[in-house]
2 protein chains.
Amino acid sequence: MSEKVQIKEVGPRDGLQNESSFVNTEDKISWINQLTESGLSYIEISSFVHPKWVPALADAKEVAKGIKRKKEVTYAALVPNMKGLEGALETNIDEISIFMSASETHNRKNINKSIDETFTVLQEVVKEGERAGKSVRGYLSTVFGCPYEGMVETEQVLKVAHTLFDMGIEELSLGDTIGVANPKQVQDVLGHLVANLPKDKLAMHFHDTRGTALANVLASLQAGITTFDSACGGLGGCPYAPGASGNVSTEDLLYMLHGMGIETGVEEDKLLHASLFIEEKLGKNLPSRVLQARKGEESH
Amino acid sequence: MSEKVQIKEVGPRDGLQNESSFVNTEDKISWINQLTESGLSYIEISSFVHPKWVPALADAKEVAKGIKRKKEVTYAALVPNMKGLEGALETNIDEISIFMSASETHNRKNINKSIDETFTVLQEVVKEGERAGKSVRGYLSTVFGCPYEGMVETEQVLKVAHTLFDMGIEELSLGDTIGVANPKQVQDVLGHLVANLPKDKLAMHFHDTRGTALANVLASLQAGITTFDSACGGLGGCPYAPGASGNVSTEDLLYMLHGMGIETGVEEDKLLHASLFIEEKLGKNLPSRVLQARKGEESH
C-alpha cells in the first residue's frame, strides 16, 4: 500500500447538490476557504449545470470568483456540456470535471442522452477545455451498480473508461454512485481495471449509503489506488432519507488513513472545523461518524 | 477468506446497556424473539450485573425466562461475578460471558479491581459455570486502545488472553471498546495474536465510533477470523453523543458479508424488521447505514 494518498474534496459539489436547503453564497465561500486552510490539495467547488437541474449550485460563478485560491490547491468544477464549460472558463477555474454513467439507463435518466451521444458532447468539452489550458477529470457513475440495471459489467466500464482516456482526460474517478459496492466486488472490478488502465490515473469515489465505504477504500488501497474522493461531513445523502449517508466522509477517511500511517497533507482538526461550520449552516446532523463522535466528546 | 462467518448478536446486551431510555421487558422479549427468527445462531440477551451499574438491564432474569428459545440458537448472558452467575444459572441460560480489560486503568475504572484481582474472581466464575454445564465466553476490552492509557501493548493483550484461555473459556472476543482501531492496526495485532492463540477461538468485537468498523472486519477476515460480534441497528453508542455510533451494525455487517459471498445464515429482511422494532421503541434513529437507507427507499 502507498504511504501517501491524495484526497479530492467533493463536498461543495457532490455534497451540496442534493441538499434541499440552499447554503448562502457567502457561506459557501467561507466554507471552501476553510477547506483550503485544512491542507486539502484538491477541492471541487461547484457545478456549472443549468440551475433548473441543480438549484443548490446556481451560484457556481459567484462561488468560483469569491473564494480565496491558494496556488498549491487545484480548484475544480463540474461541467456537463459546452455551455457549462463557457461558464467555468469565465471564472478561470483550474480543472474541469466531466461526468457520465457506465450504465446506459442511468446515463439516459441523468443526462437525457445515450452513452454514445454523451461521448460526442464530452469530446468537444474535453477538446475545448484543453485548448483553454485546463486539465480535465472524468467521473464515471454506477461502476458498481445501477439503480435501474443492477450489476454493471466490468467490460462495459472498461469500454467507457478507454473512450474517456482516449478523449484526453487526466484522471478517471470510478463512482459507486448508489453506495452498493462491497470490498470483494472492489477487488474484482479493480483487478480487471488496473490490468488495463493506468492505475495512477484512477480515483475511487465511494458513497457510504450502506456503511461499506471505508472497507471499499481499504480494498482499493490494497489494489494500489492512491486517490480518493470524499465529502466533508459525509455530505451527499439522498434527500428522501434524512438519516441516510452520502459520500464517504472526509474526516472518517482521514481518521482511517492517518491511523494506518498514510499521509494526506490534511489536518484533521481544521477539516472538522469546516464540517462543523457547514453542519450548522445546513441545520442538521451530518452522517460523518468522526464528526458525531467528536461532538459527543466535547459535550461530555 | 472463509466462506462462512458466525455473527454473535450483542444488541440486547451491549446495545441496550448504555441506553438512557428503558425498554419494557415485554418489548425486549418480543425483540429477541424477532432476532431468533432472523436466523441468528447466537444472541447475548442481557447482563446479570447489579442494576445499580446497568439499570437498563435490571430485568435480565425476566427476559431470559420470557424469550422463546430455539434449540439451534445459543443464548448467552454477561456475568461479572459469582452473584451474577447464580442469577444466570437460575434461568438456565446456554452460555455465560465474562469480561475484563486489557488495560489496567480501564479494568480498574470499569470493574473496580486490578487485572490480577479480576483473574481471581473470573477463575471461580468459569469453574462454577463449567461445573453447571455451561460454556464460557470471554470479552477482552480496550484491545485496540484505552481511553485512559492510549495504546495497549499486544504483549499485554496476549498475556491476559492466555490466562483467560487457561481458565477454560471457549472463545475470546477482542473488543475495540472505544472504536479507535484502524485496519492496519487490526492486521498488526491479529498477526501477532493468531500466531500465538487458536484462530478459530477468537472473535472480533468492533465499535463503529469513527466509521472504521467494517474496514476492520475486512482486515480481520483477511487474517482468518470467522466470528464477529455486532448489534442490530448499530445500537450501543455513547449516551453523551446522540448521533454517535455504537457497535458495528448487524445489518451493515450482513450487507457486506453477503455481498462478498460469505454465508451467515441470517436473513437481512428479518433482521431489519427487528431493527425497525427496537428503533421505534427507543424513539430515535439508530446509526445503522443500511437501516437508514432502507427507510429512505421505502418512503420514496
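The paragraphs below set out a description of the structure included in this document. Treat the numbers as computed from the prediction; the structure is a model and nothing was measured.

About the criteria used
- Residues numbered from 1 in each chain as written.
- Chains lettered and ligands numbered in written order.
- Predicted model: local features only at pLDDT ≥ 70, side-chain atom pairs only at ≥ 80, totals over all residues.
- Heavy atoms only, no water.
- Helix = DSSP H or I, 4+ residues; strand = E, 2+ residues; numbered from the N terminus.
- Rg over C-alpha atoms; globule rule 2.2 N^0.38 Å.
- Buried < 20%, exposed > 50% of the residue type's maximum accessible area, 1.4 Å probe, protein only.
- Contact = heavy atoms within 4.5 Å.
- Areas by Shrake-Rupley, 256 points an atom, 1.4 Å probe, with all protein chains shown as cover.
- Lys, Arg positive; Asp, Glu negative; His and termini not counted.
- Charge placed at Lys NZ, Arg CZ, Asp CG, Glu CD.
- Phe/Tyr/Trp six-rings, centres within 6.5 Å; stacked < 30°, edge-to-face > 60°.
- Lys NZ or Arg CZ within 6 Å of the ring centre and 35° of its normal.
- Least-squares fit on C-alpha atoms with pLDDT ≥ 70 in both.
- Core = buried A, V, L, I, M, F, W, Y, C linked by side-chain atoms within 4.5 Å.
- Buried area = accessible area lost by both parts, 1.4 Å probe.
- Salt bridge = Lys/Arg side-chain N within 4 Å of Asp/Glu carboxyl O.
- Polar contact = N/O pair within 3.5 Å; in protein donor to acceptor, adjacent residues only side chain to side chain.
- Nonpolar A, V, L, I, M, F, W, Y, C, P; charged D, E, K, R; others polar.
- Pairing = 2+ DSSP bridges.
- Right-handed = clockwise from strand over helix to strand, strands pointing away.
- Arc of directions from axis to C-beta.
- Axes fitted to C-alpha atoms, helices over the stretch in contact; angles between N-to-C directions.
- Parallel < 35°, antiparallel > 145°, perpendicular 65-115°, else oblique.

**Description of the overall build of chain A**
- Secondary structure summary: chain A contains 12 helices and eight strands in total.
- Taking 300 residues into account, the globule formula puts the C-alpha radius of gyration at 19 Å, and chain A, at 18 Å, falls close to it.
- Considering only C-alpha atoms, chain A reaches an extent of 55 × 45 × 35 Å along its principal axes.
- The buried share of chain A, taken over its 300 residues, is 60%.
- Within chain A, counting contacts between residues at least 6 apart in sequence, those at least 24 apart form 73% of the total.
- Total accessible area on chain A stands at roughly 11500 Å², and carbon and sulfur atoms take up 47% of it.
- The distance from the centre of the 30 positive side-chain charges to the centre of the 42 negative ones in chain A is 4 Å.

**Remarks on the packing of aromatic side chains**
All names here are of chain A.
- Applying the stated rule across the entire model yields two aromatic pairs over all chains.
- For the ring pair Phe 144 and Phe 206, a centre distance of 6.0 Å and an interplane angle of 40 degrees mean the geometry is tilted. With Phe 144 in the loop between β5 (135-141) and α7 (154-167) and Phe 206 in strand β7 (residues 202-206), the pair connects residues that are 62 residues apart, well separated along the chain. Both residues of the pair, Phe 144 and Phe 206, count as buried.
- In this structure, Lys 109 packs its charged tip against the face of Tyr 148, placed 5.0 Å from the ring centre.
- The positively charged end of Arg 137 is found above the aromatic ring belonging to Tyr 42, 5.5 Å away from the centroid.

**Describing the relation of the copies chain B and chain A**
- Expressed as a screw operation, the relation of chain B to chain A combines 0.0 Å of axial shift with a rotation of 180 degrees, fitting to an RMSD of 0.0 Å. This pairing of chains is accounted for by a two-fold axis. Closest to the rotation axis within chain B is the C-alpha of Ala215(B), separated from it by 1.9 Å.
- Most of the interface of chain B is mirrored in chain A, where 97% of its interface residues are also at the interface.

**Details of the environment of Glu267(A)**
- Here Glu267(A) shows up in the loop between α10 (250-259) and α11 (268-282).
- Sequence separation between Glu267(A) and Leu35(A) is 232 residues, and the spatial gap between their C-alpha atoms is 9.9 Å.

**A few points about the nonpolar core**
- Core analysis: the biggest nonpolar cluster contains 193 residues, and Leu174(A) and Leu174(B) have the highest contact counts within it.
- Dropping the residues within four chain positions of it, Leu174(A) is found in contact with Leu140(A), Val143(A), Phe144(A), Val157(A), Leu190(A), Leu193(A), Leu202(A), Ala203(A), Met204(A) and His205(A).

**Focus: the interface of chain B and chain A**
- Taken together, the contacts link 36 residues of chain B with 37 residues of chain A.
- Interface area for chain B against chain A, summed over the two sides, is near 3100 Å², with a carbon-plus-sulfur share of 60%.
- Summed over the shared surface of chain B and chain A, the result is four salt bridges.
- With a closest N to O distance of 3.0 Å, Asp208(A) and Arg289(B) form a salt bridge.
- At the junction of chain B with chain A, the criterion picks out 11 residue pairs in polar contact (both at pLDDT 80 or more).
- Going through the elements one at a time, α8 (183-194), α9 (213-222), α10 (250-259) and α12 (289-299) of chain B are the ones with two or more residues in the side of chain B that touches chain A.
- In terms of residue count, the dominant contributor to the side of chain B that touches chain A is α12(B) (seven residues).
- Residues that form the side of chain B that touches chain A fall into these classes: 16 nonpolar, 14 polar and six charged.

**Topic: the environment of Ala223(A)**
All names here are of chain A.
- Residue placement: Ala 223 occurs in the loop between α9 (213-222) and β8 (227-230).
- Residue Ala 223 is classed as partly exposed on the basis of its relative accessible area, which comes to 23%.
- Linking Ala 223 and Thr 36, residues 187 residues apart in sequence, is a C-alpha distance of 29 Å.
- Apart from residues lying up to four places away in sequence, Ala 223 is in contact with Leu 190, Val 194 and Lys 199.

**Comments concerning the pairing of strand β6 (residues 171-176) of chain A**
Residues and elements named next belong to chain A.
- Burial analysis of β6 places six of its six residues in the buried class, the great majority of the element.
- Here β6 shows no split at all, with Glu 171, Ser 173 and Gly 175 on one side and Leu 172, Leu 174 and Asp 176 on the other all buried.
- Where β5 meets β6, four bridges bridge the pair, whose relative direction is parallel. When the sheet's bridge partners are listed, Leu 140 is paired in β6 with Leu 174.
- As a crossover connection, the stretch from β5 through α7 into β6 is right-handed.
- For β6 and β7, the ladder comprises five bridges, and the chain directions are parallel. What sits directly across from Asp 176, in β7, is Phe 206.
- One crossover worth recording links β6 to the parallel β7 by way of helix α8 (residues 183-194), and it is right-handed.

**Overview of the environment of Glu153(A)**
Residue and element names in this part refer to chain A.
- Here Glu 153 lies in the loop between β5 and α7.
- For Glu 153, a relative accessible area of 60% corresponds to the exposed category.
- For Glu 153 and Ser 103, which are 50 residues apart along the polypeptide, the C-alpha to C-alpha distance reads 8.7 Å.

**What to know about helix α4 (residues 82-90) of chain A**
All names here are of chain A.
- Every buried residue of α4 is listed here: Gly 84, Leu 85, Gly 87 and Ala 88. For α4, the angular spread of buried residues about the axis comes to 160 degrees, placing them on one side. Of the exposed residues in α4, those oriented more than 90 degrees away from the buried face are Lys 83 and Glu 90.
- Residues of α4 that are buried in the fold lie against α3 (60-66), β4 (95-101) and α6 (115-131).
- Note on α4: the residue one or two positions beyond its end, Asn 92, has a positive phi of about 55 degrees.

**Concerning the packing of α11(A) against helix α12 (residues 289-299) of chain A**
Residue and element names in this part refer to chain A.
- Where α11 contacts α12, the axes come no closer than 11 Å and their chain directions differ by 90 degrees. The orientation of α11 relative to α12 falls into the category roughly perpendicular. Across the interface between the two elements, Asp 269, Leu 272, Ser 275, Leu 276 and Glu 279 of α11 pack against Val 290, Leu 291, Gln 292, Arg 294 and Lys 295 of α12.
- Residues belonging to the contact of α11 with α12 are distributed by class as follows: four nonpolar, two polar and four charged.

**What about the pairing of β4(A)?**
All names here are of chain A.
- For β4, the tally of buried residues reaches seven of seven residues, placing the bulk of the element in the interior.
- Alternating residues of β4 divide into Glu 95, Ser 97, Phe 99 and Ser 101 and Ile 96, Ile 98 and Met 100, and every residue in both groups is buried.
- Strand direction decides the pairing type here: strand β3 (residues 74-78) and β4, joined by three bridges, are parallel. Among the inter-strand pairings, Ala 77 is bridged to a residue of β4, identified as Ile 96.
- Taken together, β3, α4 and β4 constitute a β-α-β crossover, and its handedness is right-handed.
- As defined by bridge partners, β4 adjoins β5 across seven bridges and the pair is classed as parallel. Looking at the pairing, Met 100 lines up with Leu 140 of β5.

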